[in-house]
Amino acid sequence: MRELITRKDGLAGRITLSRPKALNALTPDMCHGLLATLHSWQDAPDIHCIVIDGAGERAFCAGGDIAEVYAQGRKGNARFAQDFWREEYVLNLALSVSPKPVVSLMHGFTLGGGVGIGCHTQHRVVRENSQIGLPETAIGLVTDVGGTHLLARAPGRLGDYLALTAARMGPGEAIAAGFADHFVPQERWPEMLQALCETGDPDTIARHTAPPPLAPLLDEVAEIEAALSQRTLAEVIDALERSTAPIALKTLETLRKNDPLAMAASRQLIAEARHHGSLKDALAGEYRYTHRAIQESDFLEGIRARIIDRDNAPRWSYGFDGAEIAATRLLAPLGANALWGLEK
């Protein structure tokens, strides 16, 4: 089966991520194919909208396929990962600025790289089993694929919480947090998709929506907003230790498992994104870290511990106190290696 299935269906251009056994995890070839397809359809008069979905019942896209990234990184080949992330981020931006409206149908797992594909489009649909999240800090990588741009715009300090804990959101929470727009019950998806293809008009989605489920996570995180507002990661930990909110202890337990370096860097990037406001700038900031990730961060160790050996005992390079300065160093300008050209 091809990893990416593209075809014209009525007045819609259809793109299906088709690696169901791998939860439709993105490969470099899939990113390249997605970008090429987007460009080829921009001037097609018989395509009025673009619809992206995932094959199988379990996932829209559960992230990037990092097996080869890890293998190449272990060989000292950082360029493979750098090129992969560069094209992926270019794709993320292209989806957000597409002159043809793009609809993403995010069923099941939409994690990491799946957020980059599904959550920057103009029309984002979820259903009952949708689980959306950015798990990078759990594997030693900074929150990326434009995730810091989305998290910076989430209510209160929900964005900091999601980055630090790598927590997943259900459909109601994803809509409330700004990661999705429409809740369409699973039973209505075939009819919705048929209408999209027949009319080429994303406004038809509204005829199939229902009130989204509740979003209890937002109320829970509001109880520790003061702690999450602290300037440094170490100060966040200290404030959580003093908090009496029920969610504080659970949050602390998670943060003590995740990579302090990646968490500190993610918070710095979210803070930047609250000010500059541009997805393009957020991606550039994230790339400063990921460009250096193979050689200078805990990414390979996180993948070893969480995915390869599965001992869940990563040996992180920094504690909460030392992570901030190191994170700032990894986020320094890249000069000629910058994502969008020369960066000072």
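So, how was this worked out
- Residues numbered from 1 in each chain as written.
- Predicted model: local features only at pLDDT ≥ 70, side-chain atom pairs only at ≥ 80, totals over all residues.
- Heavy atoms only, no water.
- Helix = DSSP H or I, 4+ residues; strand = E, 2+ residues; numbered from the N terminus.
- Buried < 20%, exposed > 50% of the residue type's maximum accessible area, 1.4 Å probe, protein only.
- Lys, Arg positive; Asp, Glu negative; His and termini not counted.
- Charge placed at Lys NZ, Arg CZ, Asp CG, Glu CD.
- Axes fitted to C-alpha atoms, helices over the stretch in contact; angles between N-to-C directions.
- Parallel < 35°, antiparallel > 145°, perpendicular 65-115°, else oblique.
- Left-handed = near helix turned anticlockwise from the far one by under 90°.
- Contact = heavy atoms within 4.5 Å.
- Nonpolar A, V, L, I, M, F, W, Y, C, P; charged D, E, K, R; others polar.
- Phe/Tyr/Trp six-rings, centres within 6.5 Å; stacked < 30°, edge-to-face > 60°.
- Lys NZ or Arg CZ within 6 Å of the ring centre and 35° of its normal.
- Pairing = 2+ DSSP bridges.
- Expected span 1.5 Å × (residues − 1).
- Bend = angle between axes of the 7 residues up to and from the residue.
- Polar contact = N/O pair within 3.5 Å; in protein donor to acceptor, adjacent residues only side chain to side chain.
- Salt bridge = Lys/Arg side-chain N within 4 Å of Asp/Glu carboxyl O.
- Core = buried A, V, L, I, M, F, W, Y, C linked by side-chain atoms within 4.5 Å.

Draft legend 1. Geometry of the overall build of the protein. If you tally the helices and strands in the protein, you get 16 helices and 10 strands. Classification of the 344 residues of the protein by burial places 59% in the buried group. Within the protein, the 43 negative side-chain charges are centred at a point lying 3 Å from the centre of the 35 positive side-chain charges.

Draft legend 2. Main features of the packing of helix H6 (residues 158–165) against helix H13 (residues 260–276). Contact geometry for H6 and H13: axes closest at 9 Å, N-to-C directions at 155°. If you check the angle between H6 and H13, you find them roughly antiparallel. Helix-helix and strand crossings are classified by hand; for H6 and H13 the assignment is right-handed. Only Met263, Ser266, Arg267, Ile270 and Arg274 of H13 make contact with H6, whose side of the interface consists of Gly159, Asp160, Ala163 and Leu164. Across the contact of H6 with H13, the residue classes break down as four nonpolar, two polar and three charged.

Draft legend 3. Broad picture of the packing of aromatic side chains. Tallied over the full model, the rule gives two aromatic pairs. Considering the side-chain rings of Tyr89 and Tyr287, the 6.0 Å spacing of their centres and the 85° angle between planes classify their relative orientation as edge-to-face. Highlighted residues: Tyr89 in helix H3 (residues 78–96) and Tyr287 in helix H14 (residues 279–296), separated in sequence by 198 residues. Residue classification places Tyr89 among the buried residues on the basis of a relative accessible area of 0%. Looking at Tyr287, the relative accessible area reads 1%, which means it is buried. Over the ring of Trp189 we find Arg127; its NZ or CZ atom is 4.6 Å from the centre of that ring. The ring of Trp340 has Lys280 sitting right over it, with the charged end atom 5.5 Å from the ring centre.

Draft legend 4. Structural context of the sheet that holds strand E2 (residues 12–17). In space, the six strands of this open sheet follow the order E1-E2-E3-E5-E7-E10, with mixed pairing throughout. The sheet terminates laterally at strand E1 (4–9) and strand E10 (182–183), the two strands that pair on one side only. Taken together, the three bridges between strand E3 (residues 49–54) and strand E5 (residues 102–106) define a ladder with parallel strand orientation. By the bridge assignment, Ile52 is partnered in E5 with Ser104. Each of E1, E2 and E3 is contacted by helix H1 (residues 28–41), which is oriented at about 180° to E2, the strand it contacts most. Along the sheet face, helix H8 (residues 189–199) touches E1, E2, E3, E5 and strand E7 (123–126) and points at about 165° away from the line of E5.

Draft legend 5. Expanded view of H14. For H14, built from 18 residues, the straight-helix expectation of 26 Å at 1.5 Å per residue is met to within 8% by its first-to-last C-alpha distance of 25 Å. Approximately 25° is the largest bend angle found in H14, and it occurs at Tyr287. Judged by how many residues are buried, H14 sits mostly within the fold: 14 of 18 residues are covered. Among the residues of H14, the N-terminal cap falls to Ser278, whose side-chain oxygen and the backbone nitrogen of Lys280 are separated by 3.1 Å.

Draft legend 6. Region of interest: the side chain of Glu286. The topology assignment puts Glu286 in helix H14. Of the buried charged residues, Glu286 lacks a salt bridge, with Arg153 as the closest side chain of opposite charge at 9.3 Å. Aside from chain neighbours lying at most four places away, what touches Glu286 is Tyr89, Val142, Thr143, Asp144, Val145, Gly146, Gly147, Thr148, His149 and Leu269.

Draft legend 7. Expanded view of the nonpolar core. Membership of the largest hydrophobic core comes to 97 residues, with the highest contact counts inside it found for Trp85, Ile132, Tyr161, Phe179 and Phe299. If you tally residues by element for this core, the top one is H3, at nine residues. Counting residues in hydrophobic clusters, the runner-up holds 13 residues, among them Leu105, Trp189, Met192 and Leu193.

Draft legend 8. Quick peek at the side chain of Thr251. With respect to the secondary-structure elements, Thr251 resides in helix H12 (residues 246–255). Exposure remark for Thr251: the relative accessible area of 2% places this residue in the buried category. Polar contacts involving the side chain of Thr251 include one to the main-chain carbonyl oxygen of Ile247, which spans 2.8 Å. Ignoring sequence-local partners within four residues, the contact set of Thr251 consists of Tyr161, Thr165, Ile224 and Leu240.

Purely geometric stuff here, so don't read any function into it on its own.
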